[in-house]
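# Geometric and topological summary
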Amino acid sequence: MRQTQRSWTTGKPVTSPFAAPRGLSGRLAGRFMLLTNKQDELLDVLRVNAGDDVLEIGHGPGGLIRLLAEKTDADHIYGVDPSAEMVDAAGKLNAAAVAAGRVTLRIGAADDIGLPGESVDCAVSVNNVAIWPDLEAGIGEIHRVLRIGGRAVICWHGGHSAGRIARSLALPADHLDRIGSAIRDRFGAVTRDQLADLDVFTAIREN
Ligand SMILES: C[S@@+](CC[C@H](N)C(=O)[O-])C[C@H]1O[C@@H](n2cnc3c(N)ncnc32)[C@H](O)[C@@H]1O
């Protein structure tokens with residue numbers, strides 16, 4: 001039985017089918033996310049180089065995993081998500097790349113990625129940082145799995161041209177500041193940007 005997590009932003013149990021996709025409602029939420037969460041813009045921010053190993057945390061239905069597989073020369077693409085339904089959906093969406101051994105998807109979470117230390121060149125989280133149970137533990141785990149020089153990109157709904165959904169889910173300034181501080185505390189520096197529908201935090205592992 002999966003435990004219900006409490007998000008660090010609200011202190012409340014995470015039960016929405018978008019945040020904790022389970023059963024039929026979770027699978028339907030996954031389909032909706034695949035249609036609505038367009039993530040092409042992120043590829044410019046991720047700056048994946050040929051041969052890089054890339055990790056997505058909380059990949060949901062796997063749209064960004066597909067973009068990474070189709071539009072970059074990443075060597076290996078890892079994905080972790082605590083939802084078995086999402087691991088299954090992303091696996092079906094990326095069946096050829098999984099079968100070819102280029103994409104590996106597993107149950108995992110921001111604070112329990114399950115990869116060895118210093119094993120990826122880029123780690124990205126889209127639209128799940130606000131529902132993690134422990135912000136600092138998640139940031140620390142991302143720092144751990146990144147190689148020196150590796151890039152962490154953490155995004156949440158918002159952005160300079162936020163549509164209705166992104167506007168309704170955008171975080172208040174104090175929560176955005178806390179994400180920035182947690183990343184700066186662990187990585188030493190952080191950059192904040194805005195894409196159309198996303199607020200983006202970027203940091204490089206220096207040591
Ligand atoms: C709103 S969906 C976003 C999915 C995808 N990244 C997107 O933007 O379309 C949130 C995802 O985060 C996952 N999730 C929930 N808790 C998490 C945690 N503690 N660590 C990592 N992912 C988590 C959920 O299972 C779900 O797939």
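The present account deals with the structure reproduced in this document. (Residues numbered from 1 in each chain as written. Predicted model: local features only at pLDDT ≥ 70, side-chain atom pairs only at ≥ 80, totals over all residues. Heavy atoms only, no water.)

### Regarding the packing of helix H6 (residues 135–145) against helix H8 (residues 173–187)
Across the interface, H6 lies against H8 with an axial gap of 10 Å and an inter-helix angle of 40°. Here H6 lies oblique to H8, going by the angle between them. The way H6 lies across H8 gives a crossing that is right-handed. Residues Leu135, Glu136, Ile139, Gly140, Ile142 and His143 of H6 pack against Arg178, Ile179, Ala182, Ile183, Arg186 and Phe187 of H8. The residue inventory of the contact of H6 with H8, partitioned by class, reads 7 nonpolar, 2 polar and 3 charged. (Axes fitted to C-alpha atoms, helices over the stretch in contact; angles between N-to-C directions. Helix = DSSP H or I, 4+ residues; strand = E, 2+ residues; numbered from the N terminus. Parallel < 35°, antiparallel > 145°, perpendicular 65-115°, else oblique. Left-handed = near helix turned anticlockwise from the far one by under 90°. Contact = heavy atoms within 4.5 Å. Nonpolar A, V, L, I, M, F, W, Y, C, P; charged D, E, K, R; others polar.)

### Re the pairing of strand S4 (residues 120–126)
Taking burial as the measure, the 7 residues of S4 include 6 buried ones, the bulk of the element. Pairing between strand S1 (residues 53–57) and S4: 4 bridges, direction parallel. Pairing of Glu56 across the sheet is with Val124, part of S4. One ladder, built from 6 bridges, connects S4 with strand S5 (residues 146–157); its direction is parallel. (Buried < 20%, exposed > 50% of the residue type's maximum accessible area, 1.4 Å probe, protein only. Pairing = 2+ DSSP bridges.)

### Looking at the site of the ligand
The immediate surroundings of the ligand are formed by 24 residues, with Gln5, Asn37, Gln39, Gly58 and Asp81 found nearest. Gly58 places a polar main-chain atom, nitrogen or oxygen, 2.8 Å from a nitrogen atom of the ligand. At a separation of 2.6 Å, an oxygen atom of the ligand approaches a polar side-chain atom of Asp81. Across the complex, the protein chains shield 96% of the 590 Å² of accessible surface that the ligand would expose by itself. When grouped by side-chain class, the residues that make up the shell around the ligand number 13 nonpolar, 9 polar and 2 charged. (Near = heavy atom within 4 Å. Polar contact = N/O pair within 3.5 Å; in protein donor to acceptor, adjacent residues only side chain to side chain. Areas by Shrake-Rupley, 256 points an atom, 1.4 Å probe, with all protein chains shown as cover.)

### Let's talk about the environment of Ala89
Along the chain, Ala89 falls in helix H4 (residues 84–93). We classify Ala89 as partly exposed; its relative accessible area is 28%.

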